[in-house]
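What follows is the residue order along each chain.
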Amino acid sequence: MKRVILIVLDSVGIGALPDAEEFGDKNSNTIGNIYNEIENFELINLEKMGLGNIEGVKFVKPSENPIFSYGKMNEISVGKDTTTGHWEIAGLILNKPFPVYKNGFPKNIIKCFTDEIKRDILGNYAASGTEIINKLGNEHVSSGKPIVYTSADSVFQIAAHEDVIPVKKLYDMCKIAREILKGDNAVGRVIARPFTGSKGNFIRTKNRKDFSLEPFSDTVLDILYKNGLEVNTIGKIGDIFAHRSISNQIKTKNNLDGINKIIESIKKDFNGILFANLIDFDMLYGHRNDVKGYGNALKEFDSHIMDIKNNLKDDDLLIITADHGCDPTIKGTDHTREYVPLFVYSKIHKNNYNLGIRNTFSDIAKTICDYFELSNNFPGESFIKNIDI
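Criteria and thresholds
Residues numbered from 1 in each chain as written. Predicted model: local features only at pLDDT ≥ 70, side-chain atom pairs only at ≥ 80, totals over all residues. Heavy atoms only, no water. Helix = DSSP H or I, 4+ residues; strand = E, 2+ residues; numbered from the N terminus. Expected span 1.5 Å × (residues − 1). Buried < 20%, exposed > 50% of the residue type's maximum accessible area, 1.4 Å probe, protein only. Polar contact = N/O pair within 3.5 Å; in protein donor to acceptor, adjacent residues only side chain to side chain. Phe/Tyr/Trp six-rings, centres within 6.5 Å; stacked < 30°, edge-to-face > 60°. Axes fitted to C-alpha atoms, helices over the stretch in contact; angles between N-to-C directions. Parallel < 35°, antiparallel > 145°, perpendicular 65-115°, else oblique. Left-handed = near helix turned anticlockwise from the far one by under 90°. Contact = heavy atoms within 4.5 Å. Nonpolar A, V, L, I, M, F, W, Y, C, P; charged D, E, K, R; others polar. Core = buried A, V, L, I, M, F, W, Y, C linked by side-chain atoms within 4.5 Å. Salt bridge = Lys/Arg side-chain N within 4 Å of Asp/Glu carboxyl O. Pairing = 2+ DSSP bridges.

Regarding helix α9 (residues 255-267)
- Across its 13 residues, α9 extends 19 Å between first and last C-alpha, which sits within 8% of the 18 Å expected from 1.5 Å per residue.
- Within α9 the residues assigned to the buried category are Asn-255, Asp-257, Gly-258, Ile-259, Lys-261, Ile-262, Ile-263, Ser-265 and Ile-266.
- Looking at where α9 begins, the residue whose side-chain oxygen comes 3.2 Å from the main-chain nitrogen of Leu-256 is Asn-254.

Rendered as structure tokens:
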């Protein structure tokens with residue numbers, strides 16, 4: 001029985017990429033700037049794992065004997081969003097970024113949508129989800145018009161009060177939007193954003209649902225699944241890959257719930273991959289410029305890393321990384337174009353190897369296929385031979 005446990009710390013970047021200035025992210029460094037902003041900040045276990053040993057890291061001292069192999073990865077896809085990062089981790093490179101609509105969606109798209117749902121909309125501009133429902137929620141409740149909005153990401157979001165537009169109806173509207181948003185207008189995700197409450201106290205519910213584009217080619221998940229291996233996901237991984245080639249999907253309430261479910265899943269027998277995303281770093285703290293909250297979330301994960309490590313079986317390969325940055329210390333609330341950290345551990349492999357700077361996130365897909373001895377055509381280079389004993 002072989003297993004890979006792949007954990008993505010959503011938005012935990014580790015320094016600006018060489019082309020970051022083109023994205024307006026010249027001084028971004030999500031982990032580093034948090035260290036610099038919060039007095040006496042430390043991540044005890046990540047530092048033991050080799051955080052300070054990663055090339056270019058100057059905000060923390062290197063460990064004399066790292067207990068994980070360590071490095072960082074360059075993103076070669078054009079973009080810095082969730083879908084782009086996860087797809088590259090899974091072996092797919094995007095040469096063209098997903099479209100974004102910071103000034104709202106074109107009239108022809110909105111007309112197609114309103115014609116199909118047979119009602120007008122409110123909004124159609126870039127905004128924070130909590131901000132826009134507070135601003136337009138009361139009008140939505142009285143008119144029945146759904147709230148459409150976007151962000152700096154490639155998303156078409158539809159917010160509706162659950163008592164005004166039932167959740168199932170909202171999901172149907174999202175499916176309609178997903179059908180419209182194709183070709184040049186193929187946004188990465190259409191997202192249902194249901195909420196409840198009354199004026200001045202509107203609250204988003206846990207019935208959010210993402211309707212993602214299907215990957216344009218086979219990912220590492222497809223290869224594993226087609227070869228009879230289990231593909232188990234935790235968090236929003238299923239949404240990101242359009243629920244394709246997935247054996248079991250486990251939803252989470254927050255990072256701590258996700259961490260607990262990772263540990264619970266590791267304790268069970270399976271043959272294949274456990275692929276998890278911890279989203280709070282990005283959703284609750286990065287996009288809201290909450291430096292202290294982000295730091296506390298990092299500390300929370302750091303305090304549970306050894307619980308994850310200590311529950312691994314002999315043939316397990318643990319990989320911890322991220323999909324992009326979202327530096328809460330810099331101006332703006334967008335993702336940031338950064339390197340992402342790479343930590344690797346296995347009881348039967350070297351655990352203090354310097355993996356250097358990997359040329360692409362896709363090195364993970366190559367490594368996973370190598371680990372399971374499966375042929376593939378993914379770009380990049382496997383690091384499994386580097387850590388073989």
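Once the structure has been displayed, the description carries forward.
Details of the packing of aromatic side chains
- With the rule as written, the count across this model stands at 13 aromatic pairs.
- With centroids separated by 4.8 Å and ring planes inclined at 35°, the aromatic side chains of Tyr-101 and Phe-105 adopt a geometry described as tilted.
- Classification of Tyr-101 as buried rests on a relative accessible area of 11%.
- Centre to centre, the rings of Phe-281 and Tyr-294 are 5.8 Å apart; their planes meet at 35°, and the pair counts as tilted.

Topic: the packing of α9 against helix α11 (residues 291-302)
- Where α9 meets α11, the axes come as close as 10 Å, and the angle between the chain directions of the two elements is 15°. When the axes of α9 and α11 are compared, the pair comes out roughly parallel. Crossing of α9 over α11 shows right-handed handedness. Contact with α9, carried on its side by Asn-255, Leu-256 and Ile-259, involves Ala-297, Glu-300 and Phe-301 of α11 and no other residues of that element.
- Its residues placed into classes, the contact of α9 with α11 shows four nonpolar, one polar and one charged.

With respect to the nonpolar core
- Among the nonpolar cores identified, the biggest contains 88 residues, and Ile-7, Leu-51, Phe-301 and Ile-368 are the most heavily contacted of them.
- Looking at this core, the element that brings in the most residues is strand β1 (residues 3-9), giving six residues.
- Other than its neighbours up to four places away in sequence, Ile-368 contacts Val-4, Leu-6, Val-220, Leu-224, Ile-273 and Ile-319.
- Judged by nonpolar contacts, the second largest core, of 23 residues, contains Phe-113, Leu-170, Tyr-171 and Val-187.

Overview of the pattern of salt bridges
- As enumerated under the stated definition, the model contains 20 salt bridges in all.
- The partner of Lys-80 in a salt bridge is Asp-25, with the nearest N and O atoms 2.8 Å apart. Of the two residues, Lys-80 is situated in the loop between β2 (69-73) and α3 (82-89) and Asp-25 in the loop between β1 and α1 (30-37); the sequence distance between them amounts to 55 residues. Judged on exposure class, the residue Lys-80 and its partner Asp-25 are both buried.
- Put simply, Asp-115 and Lys-111 hold a salt bridge, and the shortest N to O gap is 2.8 Å. Residue Asp-115 and its partner Lys-111 are located together in helix α4 (residues 107-117), separated by four residues, close to a single helical turn.

Quick look at the pairing of β1
- Here β1 lies mainly inside the structure; seven of its seven residues are buried.
- In β1, alternate side chains face the same way, and those of Arg-3, Ile-5, Ile-7 and Leu-9 on one face and Val-4, Leu-6 and Val-8 on the other are all buried.
- Note that β1 and strand β11 (residues 272-278) share seven bridges and pair parallel. In the sheet register, Ile-7 faces β11, and the bridge partner there is Ala-276.
- As paired strands, β1 and strand β12 (residues 316-321) are joined by six bridges and run parallel to one another.

Describing the sheet that holds strand β10 (residues 248-250)
- Read from one edge of the open sheet, eight strands run β10-β9-β11-β1-β12-β13-β2-β14, paired in mixed fashion. In the strand order of this sheet, the two ends are held by β10 and β14 (354-358), each with one partner. On average, adjacent strands in this sheet sit at an angle of 15° to one another, irrespective of strand direction.

Observations regarding the side chain of Asp-257
- Along the chain, the position of Asp-257 falls in helix α9.
- By relative accessible area, Asp-257 is classed as buried at 15%.
- Sequence-distant contacts of Asp-257, defined by excluding residues within four places in its chain, comprise Lys-251 and Thr-252.

Digging into the environment of Gly-24
- Turning to its location among the elements, Gly-24 is positioned in the loop between β1 and α1.
- According to the relative accessible area criterion, Gly-24 is exposed, its value standing at 62%.
- When the C-alpha positions of Gly-24 and Leu-312 are compared, they lie 40 Å apart, and in sequence the two are 288 residues distant.

A look at the packing of α4 against helix α6 (residues 167-180)
- Here α4 crosses α6 at 140°, and the two axes come no closer than 10 Å. The angle between α4 and α6 falls in the class oblique. Considering only the axes of α4 and α6, their crossing is right-handed. Two secondary-structure elements touch here, α4 through Ile-109, Cys-112, Phe-113, Glu-116 and Ile-117 and α6 through Met-173, Ile-176, Ala-177 and Ile-180.
- Broken down by class, the residue content of the contact of α4 with α6 amounts to eight nonpolar, no polar and one charged.

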